[in-house]
Amino acid sequence: MRVGFLNEEVDCMSETTPLLSIENLSVTFRTPGGLVTPVPDVSLHVHAGERVALVGESGCGKSVTALSVTALPPADRAIREGRILFNGCDLIHDAEALRAARRHGIAYVFQDPMASLNPVLRIRDQIAEALPPMSASARQQRVLELLADVGLPDPARAAASYPCELS
């Protein structure tokens with residue numbers, strides 16, 4: 001299968017290949033007290049269109065696992081070992097694939113809306129910022145589709161809302 005990645009078509013995946021594969025990921029932080037490994041040997045696979053939830057106690061490594069996919073935190077703070085493949089491209093050992101995934105493939109939606117969303121911009125404008133170039137009407141339609149995709153009962157109302165108006 002040929003997939004679009006960084007505005008190019010790349011032969012990285014087959015139709016049965018997961019969109020994201022994390023294989024034996026361990027993340028270790030350098031601390032003044034020595035090395036700490038909050039993520040020891042995690043593996044998971046996500047296929048296109050699939051949703052996966054990372055569930056666990058506070059401090060168990062859910063956020064570190066998710067942020068490690070795109071090397072956040074950076075290598076000077078954390079050591080990533082294992083394999084992370086996105087669209088079949090290696091995000092640990094291929095710096096260009098990592099840059100491409102950050103630019104065009106992977107985005108995060110953080111839990112804290114007060115820290116993640118601009119309180120003076122409507123939801124539609126903040127979602128539209130992340131969309132590729134398209135006409136204004138296509139952008140508006142895509143924003144409504146995305147809000148419907150996450151199960152909001154009235155996407156048009158949500159789009160016109162400010163972050164503080166949504167729970």
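Residues numbered from 1 in each chain as written. Predicted model: local features only at pLDDT ≥ 70, side-chain atom pairs only at ≥ 80, totals over all residues. Heavy atoms only, no water.

## Section: the confidence of the model for the chain
Okay, step 1: Per-chain confidence: the chain averages 85 in pLDDT, with 87% of residues scoring 70 or above.
Okay, step 2: Helix α6 (residues 155–160) holds the highest mean pLDDT among the elements of the chain, 96, whereas strand β1 (residues 3–5) holds the lowest, 41.
Okay, step 3: A low-confidence stretch, residues 1–10 stays under pLDDT 50, and its non-local contacts, those more than four residues away or across chains, total 28 contacts. (pLDDT = per-residue confidence, 0-100. Helix = DSSP H or I, 4+ residues; strand = E, 2+ residues; numbered from the N terminus. Contact = heavy atoms within 4.5 Å.)

## Looking at unusual backbone geometry
Okay, step 1: Geometrically, the link from L72 to P73 is a cis peptide bond, its omega value of 10° lying close to zero.
Okay, step 2: The residue P73 is located in the loop between α1 (62–68) and β5 (78–86) in this model.
Okay, step 3: In this model, N24 sits at a positive phi of 55°, which is unusual for a non-glycine residue.
Okay, step 4: Tracing the backbone through its elements, the reader meets N24 in strand β3 (residues 20–31).
Okay, step 5: A positive phi angle, near 65°, is found at D41, a position not held by glycine.
Okay, step 6: Inspection of the secondary structure puts D41 in strand β4 (residues 34–46).

## Some details on the sheet that holds β5
Okay, step 1: Spatially, four strands are ordered β4-β3-β5-β6 in an open sheet, and the strand pairing comes out antiparallel. Across the chains shown, the open sheet's two edge strands, defined by having one partner strand only, are β4 and β6 (89–90).
Okay, step 2: Here β3 pairs with β5 via eight bridges, running antiparallel. Bridge pairing links S21 to L85 in β5. (Pairing = 2+ DSSP bridges.)

## Considerations on the nonpolar core
Okay, step 1: I22, V27, V69, I84 and L91 are the most contacted members of the largest nonpolar core, which has 21 residues in total.
Okay, step 2: At the level of elements, β3, β4, β5 and α2 (95–105) are the ones that each hand at least two residues to this core.
Okay, step 3: Looking at which element gives the most residues to this core, the answer is β3, with five residues.
Okay, step 4: By size, the runner-up hydrophobic cluster in this structure holds seven residues, among which are A128, L131, V143 and A159. (Core = buried A, V, L, I, M, F, W, Y, C linked by side-chain atoms within 4.5 Å. Buried < 20%, exposed > 50% of the residue type's maximum accessible area, 1.4 Å probe, protein only.)

## A short note on the side chain of T70
Okay, step 1: Here T70 shows up in the loop between α1 and β5.
Okay, step 2: Within polar-contact distance, the side chain of T70 engages the side chain of Y108 at 2.8 Å.
Okay, step 3: Setting aside chain neighbours within four positions, we find T70 in contact with L98, R102, I106 and Y108. (Polar contact = N/O pair within 3.5 Å; in protein donor to acceptor, adjacent residues only side chain to side chain.)

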